[in-house]
Amino acid sequence: AIALFERSAEGYRRAFGPEHGRIAYLYGRIGDTRRLQVRFEEAREMLERAIAMKAALGESGDSDDVDIRGNLAIVLDDLGLLTEAAELQTKVVVASRRIDGERHPNTIIRIANLALIQDGQGRFDEALRNADDAHEYMNEVWASNLRSRSWIASVRGSLLRALGRFDEAALSHDEAIRLAIE
C-alpha cells in the first residue's frame, strides 16, 4: 500500500508541484499505514508533515485534515503520550461535529476513538459516555456497518468491565460477537 501511495504522491508532485492537497492526503495515508505497521515514530512524522502541508495550503480544518489529525491522536496514544492524544482527539471530535455533523459515520468513529484514548488514561466514566454515544449513533445511522458496530460494542463492553459492571459488559461483548459473525 505504501508503494502505491508514494507513486501517487510522486505523480501529483510532478503534475502540480511539491505541495498539493492530494499529496498531503497521501502523506496522511502513508502515516496511517505506518501506524498499522507499528512504526509509530515514522507514522507521527508523516502525519505531522501532512498536517503542516495542509496548513501551508490553507486547507486546515477540512475533512481530510480532521481525519489526519485523528490518526495522529491515535499514534500519540500508541506512543504513550496520553494527554496530548486526548487533547488532540477532543479537538478532532469537535471539528468533526462541525464539519460532518453529530451523527455522521466519521464523527461516530472519532467519538469511539476518543473513548479508547480516555480508557487508556483511566477515565472510564467519561470514556463510557462517549462509547455509549457512539454505540447509539452508529445503531441509528449506520446499522448496516456490522464491523464498526461490533468494534464499538466491544469497546463499550471493555469499559463496562473496567467499571465493574460485569453483567452489562457480558451483554455488550455478546453483541459484539453476534455482529462480528453476522
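An account of the accompanying structure is given in this report. On a predicted model such as this, the values are computed, not experimentally measured, just so you know.

Right, let's get into the overall build of the protein. Counting its secondary structure elements, the protein contains nine helices and zero strands. Start at the N end of the protein and walk to the C end: the helices and strands fall as α-α-α-α-α-α-α-α-α. Against the 2.2 N^0.38 benchmark of 16 Å for 182 residues, the protein shows a C-alpha radius of gyration of 17 Å, consistent with a compact globule. Seen through its principal axes, the protein has C-alpha atoms that stretch 60 × 35 × 30 Å. The 182 residues of the protein split such that 42% are buried. Pairs at least 24 apart in sequence give 54% of the contacts found in the protein among residues at least 6 apart. Here the protein holds 25 positive side-chain charges and 31 negative ones, and the gap between their average locations is 4 Å.

Once that is clear, we can look at the side chain of R149. For R149, the location among the structural elements is in helix α8 (residues 146-162). Lacking a salt bridge, the buried R149 has E175 as its closest oppositely charged neighbour, with an N-O distance of 4.7 Å. Among residues more than four places away in sequence, those in contact with R149 are M138, N139, W142, A143 and L179.

Turning our attention to helix α2 (residues 21-36). Helix length check: α2 (16 residues) gives 23 Å between terminal C-alpha atoms against 22 Å at 1.5 Å per residue, within 8%. Once α2 finishes, V38 follows within two positions and takes phi at roughly 60°, a positive value.

For the rest of this paragraph, the subject is the nonpolar core. With 26 residues, the main nonpolar core has Y27, I30, L72 and L88 as its most contacted residues. Residue assignment for this core shows that the elements contributing at least two residues are α1 (2-16), α2, α3 (40-56), α4 (63-78) and α5 (82-99). One finds I108, I111, L114 and M138 within the second-largest nonpolar core, a separate group that totals nine residues.

What follows covers the pattern of salt bridges. Evaluation of the coordinates by the stated rule reveals 21 salt bridges. Notably, a salt bridge pairs R13 with E10, separated by 3.0 Å at the nearest N-O pair. Taken together, the residues span about one helical turn, with R13 and E10 both in helix α1 at a distance of three residues. Between R22 and D64 there is a salt bridge, and its shortest N-O distance comes to 3.2 Å. One end of the pair, R22, is in helix α2; the other, D64, is in helix α4, with 42 residues separating them in the sequence. With a relative accessible area of 32%, R22 lands in the partly exposed category.

Mapping D65 onto the fold places it in helix α4. If near-sequence neighbours (up to four positions away) are discounted, D65 is found in contact with I51, K54, E59 and S60. Only 2.8 Å separates the side chain of D65 from the backbone nitrogen of G61, close enough to count as a polar contact.

Right, let's talk about the packing of aromatic side chains for a bit. By the definition in use, this model includes one aromatic pair. Taking the centre distance of 5.8 Å and the plane angle of 25° together, the rings of Y12 and F16 count as stacked. On the criterion of helical spacing, the pair formed by Y12 and F16 is a turn pair, its members being four residues apart in helix α1. You can call Y12 partly exposed: its relative accessible area is 29%. The cationic tip of R22 hangs over the ring face of Y25; the distance from NZ or CZ to the ring centre is 4.2 Å.

One number sums up the size of the largest pocket: a volume of about 400 Å³. What lines the largest pocket is a set of 18 residues, among which R35, N71, I74, I109 and N113 lie closest to the centre. Going through the elements one at a time, α2, α4 and α6 (105-120) are the ones with two or more residues in the lining of the largest pocket. With seven residues, α6 is the single largest residue contributor to the lining of the largest pocket.

Criteria and cut-off values
Residues numbered from 1 in each chain as written. Predicted model: local features only at pLDDT ≥ 70, side-chain atom pairs only at ≥ 80, totals over all residues. Heavy atoms only, no water. Helix = DSSP H or I, 4+ residues; strand = E, 2+ residues; numbered from the N terminus. Rg over C-alpha atoms; globule rule 2.2 N^0.38 Å. Buried < 20%, exposed > 50% of the residue type's maximum accessible area, 1.4 Å probe, protein only. Contact = heavy atoms within 4.5 Å. Lys, Arg positive; Asp, Glu negative; His and termini not counted. Charge placed at Lys NZ, Arg CZ, Asp CG, Glu CD. Salt bridge = Lys/Arg side-chain N within 4 Å of Asp/Glu carboxyl O. Expected span 1.5 Å × (residues − 1). Core = buried A, V, L, I, M, F, W, Y, C linked by side-chain atoms within 4.5 Å. Polar contact = N/O pair within 3.5 Å; in protein donor to acceptor, adjacent residues only side chain to side chain. Phe/Tyr/Trp six-rings, centres within 6.5 Å; stacked < 30°, edge-to-face > 60°. Lys NZ or Arg CZ within 6 Å of the ring centre and 35° of its normal. 1 Å grid on protein atoms, 1.4 Å probe; cavity = no way out; pocket = protein on both sides within 12 Å on 5 of 7 lines; lining within 4 Å. Points joined across faces, edges and corners; volume = space filled by probe spheres on them.

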